[in-house]
Amino acid sequence: MNNYNLQGSMPLDEILYKYRNLIFKVSSRCETLETLYREHLVCKPGCSQCCRVERTVLSIEGYIIERYLQKFSPQRIKRLRRLYKDSDETCPMLLKDRCVIYPVRPIICRTHGLPILYEEAGRAFIDYCRLNFTRLPLHYEFAEQDVLDMNPFNLELIELDRYFVEEVTHQPWHPKNRRSLKTILFHLDLRERQTNNSIIDELRSFYR
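Here the residue index of a chain counts from 1 through its sequence in written order. Thresholds applied to this predicted model are a pLDDT of at least 70 for local features of residues and 80 or more for the giving and counting of side-chain atom pairs; totals over whole chains, interfaces and linings are not thresholded and use all residues. To get the side-chain values, take all heavy atoms of the structure and skip hydrogens and water.

Some details on the overall build of the protein
Rules: We count a stretch as a helix when DSSP gives it H or I for four or more residues in a row; a strand needs E for two or more, and each element gets its number in order from the N terminus. Exposure classes here rest on a 1.4 Å probe applied to the protein chains alone. A residue is buried below 20% of its type maximum, exposed above 50%, and partly exposed in between. We call two residues in contact when some of their heavy atoms are within 4.5 Å. Throughout, the Shrake-Rupley method with a 1.4 Å probe supplies accessible areas, and for residues the shown protein chains are the sole cover considered.
Across its full length, the protein holds six helices and seven strands. Reading the helices (α) and strands (β) of the protein from amino to carboxyl end gives α-β-α-α-β-β-β-β-β-α-β-α-α. The proportion of buried residues among the 208 residues of the protein is 40%. Considering only contacts in the protein between residues 6 or more positions apart, those separated by 24 or more positions represent 81%. On the protein, roughly 12300 Å² of surface is accessible, and the fraction owed to carbon and sulfur atoms is 49%.

Section: the nonpolar core
Put simply, the rule is: In plain words, nonpolar cores are sets of buried Ala, Val, Leu, Ile, Met, Phe, Trp, Tyr and Cys residues tied together by side-chain atoms within 4.5 Å.
Grouped together as the largest cluster of nonpolar side chains are 51 residues, with contacts concentrated most on Ile 60, Ile 65, Leu 69 and Met 93. Taken together, the elements giving at least two residues each to this core come down to helix 1 (10–36), helix 2 (59–69), helix 3 (74–84), strand 2 (94–95), strand 4 (116–120), helix 4 (151–169) and helix 5 (181–187). Tallying contributions element by element places helix 1 first for this core, with nine residues. With near-sequence residues (within four places) excluded, Ile 60 lies in contact with Ile 15, Tyr 19, Leu 157, Leu 160, Asp 161 and Phe 164.

Some details on the sheet that holds strand 6 (residues 148–149)
Which entries qualify depends on this criterion: Paired strands are those between which DSSP finds at least two bridges.
A sheet is described by the order of its strands in space; here three strands give the open sequence 5-4-6, paired in mixed fashion. Edge positions in the sheet fall to strand 5 (123–127) and strand 6, since each of these pairs with one other strand and no more. Of the strand pairs in this sheet, strand 4 and strand 5 are connected by five bridges, and their pairing is antiparallel. In the strand pairing of strand 5, Ile 116 is matched with Asp 127.

With respect to helix 3
For an α-helix, the turn length of 3.6 residues means that residues three or four places apart are oriented alike. Let me state the cut-off plainly: Directions pointing from the helix axis toward each C-beta atom define the arc.
Residues of helix 3 that are buried include every one of Ile 77, Leu 80, Arg 81 and Tyr 84, and no others. An end-on view of helix 3 places all buried positions within 100° of arc, on one side of the element. Among the exposed residues of helix 3, those pointing more than 90 degrees away from its buried face are Gln 75 and Arg 82. Buried positions along helix 3 lie against helix 2, strand 2 and helix 5.

Observations concerning helix 4
The following threshold applies: A helix is expected to span 1.5 Å for every residue after the first.
Taking 1.5 Å of rise per residue, the 19 residues of helix 4 would be expected to cover 27 Å, and the 26 Å separating its terminal C-alpha atoms lies within 8% of that figure. Residues Phe 153, Leu 157, Leu 160, Asp 161, Phe 164, Val 165, Val 168 and Thr 169 constitute the buried set of helix 4. For helix 4, the angular spread of the buried residues around the axis is 135°, confining them to a single face. Two residues or fewer after helix 4 comes His 170, characterised by a positive phi angle close to 55°.

Some thoughts on unusual backbone geometry
Of note in the backbone geometry, Lys 96 takes a positive phi value of approximately 55° without being a glycine. Among the secondary structure elements, Lys 96 is positioned in the loop between strand 2 and strand 3 (98–99). For Lys 96, a relative accessible area of 69% corresponds to the exposed category. The phi angle at Asp 97 is positive, at roughly 65°, despite the residue not being glycine. With respect to the secondary-structure elements, Asp 97 resides in the loop between strand 2 and strand 3.

Describing the pattern of salt bridges
Rule in force here: Salt bridges, as used here, are contacts in which a Lys or Arg side-chain nitrogen is within 4 Å of a carboxyl oxygen on Asp or Glu.
The full count for this structure, using the stated rule, is nine salt bridges. Between Glu 66 and Arg 179 there is a salt bridge, with the nearest N and O atoms lying 2.9 Å from each other. Taken together, the residues Glu 66 in helix 2 and Arg 179 in strand 7 (residues 179–180) connect sequence positions 113 residues apart. With respect to burial, Glu 66 and Arg 179 carry one shared label: buried. Note that Glu 159 is salt-bridged to Arg 162, the shortest N-O span being 2.4 Å. Within this pair, Glu 159 and its partner Arg 162 are both found in helix 4, separated by three residues, close to a single helical turn.

Things to note about the environment of Cys 30
Position of Cys 30 relative to the elements: it lies in helix 1. Sequence separation between Cys 30 and Val 147 is 117 residues, and the spatial gap between their C-alpha atoms is 9.4 Å.

Next comes the structure, spelled out in structure tokens:
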């Protein structure tokens, strides 16, 4: 587990508060679109098609996930480690096709299935899970106001991550620095259990 310098915890408290607000904004937008497209979405508990890849997360997300995993029993952590010891193709936070860190899952995991606007190399396009929207024409054009534009949310997330790295870990920040969920799982110190219930309760408030 990373060693965080939490002396003078105000910066961390402020970052977590802003991160929680960002989660609220993303979740609110997702809920609006989920209501709009209810008849076209087949996403449900137990569907893990979007999780069939080894995930990486930003430092701030990795910190929150670490704190959440610390409340797990050593037996549960060891079970996950046995399952994913030799696997790099599935998210290591899955157990029986359900996310074990669902309340604190990364932002990207909160948007799966919805039509999302992407921009790459100056080109904008919309993508979504192909299990959804199967009754729409192949080249259906979504209305601009009815898609999830993640660009402003991602910019805010990146800024929070930079603030977290520089102010909490006191390390230089780089946009390509990401943490593997598998590394987080296997490097978790099983001797360090999370006993600060206020922090766990705070993390649970991210639940959507």
